[in-house]
Amino acid sequence: MTRTIAERLDDPASARAAGRRKMDWAEAHMPILAALRESFAADEPLAGERIAMAMHVEAKTAVLVELLAVGGAEVAIAGCNPLSTQDDVSAALHAVDGVTSYASHGVDTDEYYDAIEAVVGVDPTITVDDGADMVTHIHDEHPELIPQLKGGCEETTTGVHRLRSMADDGALDYPMFAVNDTPMKTLFDNVHGTGESALANIAMTTNLSVAGKTVVVAGYGYCGRGVAKKAAGMNADVIVTEVDPRRALEAHMEGYDVMPMREAASEGDIFVTTTGNRDVVTRADFERMADGALLANAGHFDVEINLEDLDEMAVSTREVRDGVQEYELSDGRRLNVLAEGRLVNLAGPLSMGHPVEVMDQSFGVQAVCARELAANHADYDPGVHDVPDRLDREVAEVKLDAEDIAIDDLSDEQREYMDSWDHGT
Ligand code: NAI
């Protein structure tokens, strides 16, 4: 029987208090979720819904979960990474009316999937994922639930890729919103959130400077763009590696050096992978790296830096700082891997994930998507759906209001001009 977080902790009461403090701080800086909370409390748009979630269980996520419960849902949650759960936050969340948390830090693979299985016990009508583990688990182990599932929401690029592959294979049997892909998420969370929090966590975990170093960013997608820009802003030299010719050119035009990883390997001081792909840094690269190189991953899974290769090459390994594993090679070089090659901004000992304001936007989109599924699920066939533009705009408007930023309105003439095709010089 999988235990809830309250059953796993020695002192759940003090954990709850510590977690609540983190949640209160986050909540105070999440104006979008605060605005939605008012309408969710008044209208209870999720009354009668049961939501199964697998997400990074830290303070911002907890504010989202509480909002869903305020909206009338019964919620059960597990982690989506064994190291990103904060037990105190999980305990505080478990104490919220209508919420059960099975998320616990440092679980092994069996316990990780046991927690997901326990969450399915809520008998879900809606799922919310970060990485698609819940939706794949339900398809594999509980297909009997699919007829009752109104839909789900997916938070990250890797999860959306997995869902699109399922859909291409005809294996996705209920509607999923690609929350990741909508502007209010990708352009802020992936770019600014990952850029700031990955570099901040590398700096905090190592207590070393980024300035004056060469930072190699693998992948110039949304996350890579953010990491490259912020690293350059911190006075690093930046090298980008890519496999897509257009993204490589984009990085080149932004002024970064672009080269294959094999070449970048001997140039870099800090390596950050952001590809969502596997084996991006492998044996041949480790062979070229300088003594003391720092290796960090910001992609969803811990497969981007090939740690099996590194393990085989190492004559010894030791933890040189909390969250930094040193691999000593036979020629005496030492390579340092942060956060076990897992998401450096979420899985390190000091990691807190993205800045609060960024997650307010991402989770604002999650909340309105859950509301949409509860109200209008019949409009969505099984498969991957873009978030409707009206929902993305709604979240943007709330944020602008909260920031006290006014923008112009289209006049009727402008609207007509933009919509017509029969005008010329
Ligand atoms: P994206 O699809 O925009 O970018 C990935 C880029 O990597 C693409 O340009 C692709 O061409 C490139 N790439 C693929 N294989 C490569 C290889 N072998 N070498 C070099 N480049 C390669 O994806 P996005 O949104 O940037 O997400 C990347 C990863 O980060 C995903 O796993 C996503 O789930 C994760 N993510 C992590 C966050 C965090 O908090 N750390 C936040 C948001 C996303």
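Predicted, not measured: the structure shown is a model, and the values here were computed from it.

Caption draft 1: Layout of the environment of Val 240. Turning to its location among the elements, Val 240 is positioned in strand E8 (residues 237-241). With 94 residues separating them along the chain, Val 240 and Arg 334 place their C-alpha atoms 23 Å apart. Apart from the residues lying within four places of it in its own chain, the contact partners of Val 240 are Val 217, Tyr 220, Ala 251, Tyr 256, Asp 257, Val 258 and Met 259.

Caption draft 2: The packing of helix H2 (residues 12-28) against helix H4 (residues 59-70), seen in detail. In contact at an axis separation of 8 Å, H2 and H4 are set at 80 degrees when each is read in the N-to-C sense. By the angle between their directions, the pair H2 and H4 is classed as roughly perpendicular. For the pair H2 and H4, the contacting residues are Arg 20, Lys 22, Met 23, Ala 26 and Glu 27 in the first and Ala 59, Lys 60, Ala 62, Val 63 and Glu 66 in the second. Its residues assigned to classes, the contact of H2 with H4 shows 5 nonpolar, no polar and 5 charged.

Caption draft 3: Summary view of the sheet that holds E8. Pairing in this open sheet of 8 strands is mixed, and the strands run E9-E8-E7-E10-E11-E14-E13-E12 from one edge to the other. Each end of this open sheet is capped by a strand with a single partner; those strands are strand E9 (257-258) and strand E12 (314-321). For strand E7 (residues 214-218) and strand E10 (residues 270-273), the ladder comprises 4 bridges, and the chain directions are parallel. Paired with Val 217 across the two strands is Val 272, which belongs to E10. Contacting E7, E8 and E10, helix H10 (residues 222-233) crosses the sheet at an angle of about 170 degrees to E7.

Caption draft 4: Fine view of the pattern of salt bridges. Counting across every chain of the model gives 26 salt bridges. Asp 302 is the salt-bridge partner of Arg 342, the closest N and O atoms lying 3.4 Å from each other. Residue Arg 342 is found in the loop between strand E14 (334-338) and helix H15 (344-347), and its partner Asp 302 is found in the loop between strand E11 (294-297) and helix H14 (307-313); the two are separated by 40 residues along the sequence. The salt bridge involving Glu 372 is made with Arg 390; its shortest N-O contact spans 2.7 Å. In this pair, Glu 372 is assigned in helix H16 (residues 356-376) and Arg 390 in helix H17 (residues 389-402), connecting sequence segments 18 residues apart. The class for Arg 390 is partly exposed, based on a relative accessible area of 48%.

Caption draft 5: A look at the site of the ligand. In the region of the ligand, 29 residues are neighbours, and Thr 156, Thr 157, Thr 158, Glu 242 and Asn 345 sit closest. Contacts to the ligand include Thr 156, whose side-chain N or O atom sits 2.6 Å from an oxygen atom. At a separation of 3.2 Å, an oxygen atom of the ligand approaches a polar backbone atom of Tyr 222. Expressed as a share of its isolated accessible area of 860 Å², the protein-covered part of the ligand is 88%. Broken down by secondary-structure element, the contributors of at least two residues to the shell around the ligand are helix H8 (157-168), helix H9 (183-206), H10 and H15. No other element matches H9, which puts 4 residues into the shell around the ligand. Its residues assigned to classes, the shell around the ligand comprises 8 nonpolar, 16 polar and 5 charged.

Reading guide: rules and limits
As a convention, each chain's residues are numbered from 1 in the sequence order in which they are written. Residues qualify for local features only when their pLDDT is at least 70, as the model is predicted, and side-chain atom pairs are given and counted only at 80 or more; totals for whole chains, interfaces and linings, by contrast, use all residues. Side-chain calculation: all heavy atoms of the structure are included, whereas hydrogens and water are not. Numbering goes from the N terminus for both helices and strands, where a helix is a DSSP run of H or I of at least four residues and a strand is a run of E of at least two. Contacts: residue pairs with any heavy atoms within 4.5 Å of one another. Only the stretch in contact is used when fitting a helix axis, every axis being a line fitted to C-alpha atoms; angles between N-to-C directions are given from 0 to 180 degrees. In this scheme, roughly parallel covers angles under 35 degrees and roughly antiparallel covers those over 145, while 65 to 115 is roughly perpendicular and the rest are oblique. All residues other than Ala, Val, Leu, Ile, Met, Phe, Trp, Tyr, Cys, Pro, Asp, Glu, Lys and Arg, Gly among them, are scored as polar; the first ten of these are nonpolar and the last four charged. Here, a strand pair is defined by DSSP locating no fewer than two bridges between the strands. The working definition used for a salt bridge is a side-chain nitrogen of Lys or Arg within 4 Å of a carboxyl oxygen of Asp or Glu. Type-normalised accessible area, obtained with a 1.4 Å probe on protein chains alone, sets the label of each residue: buried when under 20%, exposed when over 50%, and partly exposed for intermediate values. Whether a residue is near a molecule or strand depends on its heavy atoms: it is near if one of them lies within 4 Å of it. Each polar contact in these results corresponds to two N or O atoms within 3.5 Å; when the atoms are within protein, one needs to be able to donate a hydrogen and the other to accept it, and residues that are neighboring in sequence are counted only if both atoms are side-chain atoms. Per-residue and other accessible areas follow the Shrake-Rupley method at a 1.4 Å probe size, with only the shown protein chains counted as cover for residues.

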